[in-house]
Amino acid sequence: MKKKQFAAVFKNAIANHAAYIGVGIQTEGSSRPEIIINPIENFEEKLKYYRAAYDEDMVLVSAKGKKDIRIIAVAWGDSFSDIEFQMTENRPDWKKTISDAIDRVVNRMLEGNEDVSKEQRDAWDAVLEGYKEQFFSRRYSIGQQKFITENAELYEDMFETCMNGSNEEFKEKFLHLSKELNRHA
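Residues numbered from 1 in each chain as written. Predicted model: local features only at pLDDT ≥ 70, side-chain atom pairs only at ≥ 80, totals over all residues. Heavy atoms only, no water.

*Asks:* What should I look at first to understand the overall build of the protein in this one?
*Replies:* What the protein contains, in helices and strands, is eight helices and three strands. In sequence order, the protein lays out its α and β elements as α-β-β-α-β-α-α-α-α-α-α. For a compact globule of 185 residues, the expected C-alpha radius of gyration is about 16 Å, and the protein comes in at 22 Å, more than 25% above that figure. Considering only C-alpha atoms, the protein reaches an extent of 70 × 30 × 25 Å along its principal axes. Within the protein, buried positions represent 37% of all 185 residues. Nonlocal contacts in the protein, meaning residues at least 24 apart in sequence, comprise 64% of its contacts between residues at least 6 apart. In the structure as shown, the protein presents an accessible area of about 11100 Å², 49% of it carried by carbon and sulfur atoms. (Helix = DSSP H or I, 4+ residues; strand = E, 2+ residues; numbered from the N terminus. Rg over C-alpha atoms; globule rule 2.2 N^0.38 Å. Buried < 20%, exposed > 50% of the residue type's maximum accessible area, 1.4 Å probe, protein only. Contact = heavy atoms within 4.5 Å. Areas by Shrake-Rupley, 256 points an atom, 1.4 Å probe, with all protein chains shown as cover.)

*Asks:* Which parts of the structure should I look at to understand the pattern of salt bridges?
*Replies:* Close approach of charged atoms allows side chains with opposite charge to pair. Inspection of every chain in the model, using the stated rule, returns 14 salt bridges. Where Arg 104 meets Glu 156, a salt bridge forms, and the shortest distance between an N and an O atom there is 2.7 Å. Remark: Glu 156 occurs in helix α7 (residues 152-164) and Arg 104 occurs in helix α4 (residues 94-112); sequence separation between them is 52 residues. Assessed through its relative accessible area of 14%, Glu 156 is described here as buried. For the salt bridge of Arg 108 with Glu 156, the shortest nitrogen-to-oxygen distance reads 2.7 Å. Placement of Arg 108 in helix α4 and of Glu 156 in helix α7 is noted, with a sequence separation of 48 residues between them. (Salt bridge = Lys/Arg side-chain N within 4 Å of Asp/Glu carboxyl O.)

*Asks:* Can you walk me through the environment of Ser 81 in this structure?
*Replies:* Its place among the elements puts Ser 81 in helix α3 (residues 80-87). On the basis of relative accessible area, Ser 81 is assigned to the partly exposed category, the value being 34%. Taking the C-alpha atoms as reference, Ser 81 lies 8.5 Å from Ile 142; in sequence the two are 61 residues apart.

*Asks:* Just checking my understanding: could you explain the packing of helix α1 (residues 3-15) against helix α2 (residues 43-53) for this structure?
*Replies:* Packed helices, taken two at a time, are described by the angle their axes make and the gap between the axes. Contact geometry of α1 with α2 gives a least axis separation of 11 Å together with a crossing angle of 175°. In terms of orientation, α1 lies roughly antiparallel with respect to α2. Note on element contacts: α2 touches α1 through Phe 43, Glu 44, Lys 46, Leu 47, Tyr 50 and Arg 51, opposite Lys 3, Phe 6, Ala 7, Phe 10, Lys 11, Ala 13 and Ile 14. For the contact of α1 with α2, the residue count by class is eight nonpolar, no polar and five charged. (Axes fitted to C-alpha atoms, helices over the stretch in contact; angles between N-to-C directions. Parallel < 35°, antiparallel > 145°, perpendicular 65-115°, else oblique. Nonpolar A, V, L, I, M, F, W, Y, C, P; charged D, E, K, R; others polar.)

*Asks:* Teacher, can you tell me more about the layout of surface pockets here?
*Replies:* Rolled over the atoms, a probe as big as a water molecule pinpoints where empty space is left. Volume-wise, the largest pocket comes out at about 310 Å³. As for the largest pocket, its lining consists of eleven residues, and the residues nearest its centre are Arg 32, Pro 33, Ile 35, Met 87 and Thr 88. Looking at the lining of the largest pocket, the elements with two or more residues in it are β3 (69-77) and α3. Residue classes in the lining of the largest pocket are distributed as five nonpolar, three polar and three charged. Counted as a void, the second largest pocket has a volume near 250 Å³. Lining the second largest pocket are 14 residues, and of these Trp 76, Gln 86, Tyr 140, Ile 142 and Gln 145 sit closest to its centre. Only β3, α3 and α6 (142-150) provide two or more residues apiece to the lining of the second largest pocket. Each residue belonging to the lining of the second largest pocket can be placed in one class, and the counts come to five nonpolar, four polar and five charged. (1 Å grid on protein atoms, 1.4 Å probe; cavity = no way out; pocket = protein on both sides within 12 Å on 5 of 7 lines; lining within 4 Å. Points joined across faces, edges and corners; volume = space filled by probe spheres on them.)

*Asks:* Sorry, what's going on with the nonpolar core here?
*Replies:* One broad trend across soluble globular proteins is that nonpolar side chains are buried collectively. Formed by 23 residues in total, the largest nonpolar core has its most connected members in Ile 98, Leu 128, Tyr 155 and Phe 159. Contributing elements (two or more residues each) for this core: α4, α5 (118-136), α6, α7 and α8 (167-183). When residues in this core are grouped by element, the largest group, eight residues, is from α4. Those residues within four positions of Leu 128 in sequence are excluded, and the remaining contacts are Ile 102, Val 105, Val 106, Phe 159 and Met 163. In terms of nonpolar packing, the next biggest core, distinct from the first, is built from 20 residues, Phe 10, Tyr 54, Ile 69 and Trp 76 among them. (Core = buried A, V, L, I, M, F, W, Y, C linked by side-chain atoms within 4.5 Å.)

*Asks:* What exactly am I supposed to notice about unusual backbone geometry here?
*Replies:* A negative phi angle is the norm for most residues apart from glycine, just as the trans form is the norm for most peptide bonds. Positive phi values are uncommon outside glycine, yet His 17 reaches one of about 55°. Relative to the elements of secondary structure, His 17 occurs in the loop between α1 and β1 (20-27). The class for His 17 is exposed, based on a relative accessible area of 61%. In the Ramachandran plot, Met 58 falls in the positive-phi region, its phi being about 65° despite a non-glycine side chain.

Encoded structure:
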């Protein structure tokens, strides 16, 4: 992580009125990084401190030559669990969850309908790619992102209904998922 990237996350947290910002610090000899969480009231002063205390590669200047201490991650959110989720290595990607669910629906439809024209196949792809864009253009809270990644099968079922079910059935599933998603905001 570079200092410019680090500062940009802090500025973004300030602009979005985040409740907390977490800083992941890896210390030589420690098996896992520590996470320091600061409340919104401390953001400005902490950013000044980190800018002064760390070099461009986010290595603690006062520890150089003694011990490697560096900032490896920074994330902001409205709860400690938001920050923990963002800093989790290999955390599920909600966009990939949606994209994979849609791709599975399209692939099943294509496999089961070899006699369908290219125009119809392109139409299916266009509809479901439109759904991807609709999802990707929205901003989701960390709670909502967790909900999406933990409920991939429900999204896949909804997309399946979109392509093969009735409009009423699709609308019902879409509204149910929307309510649950909002509940996790």
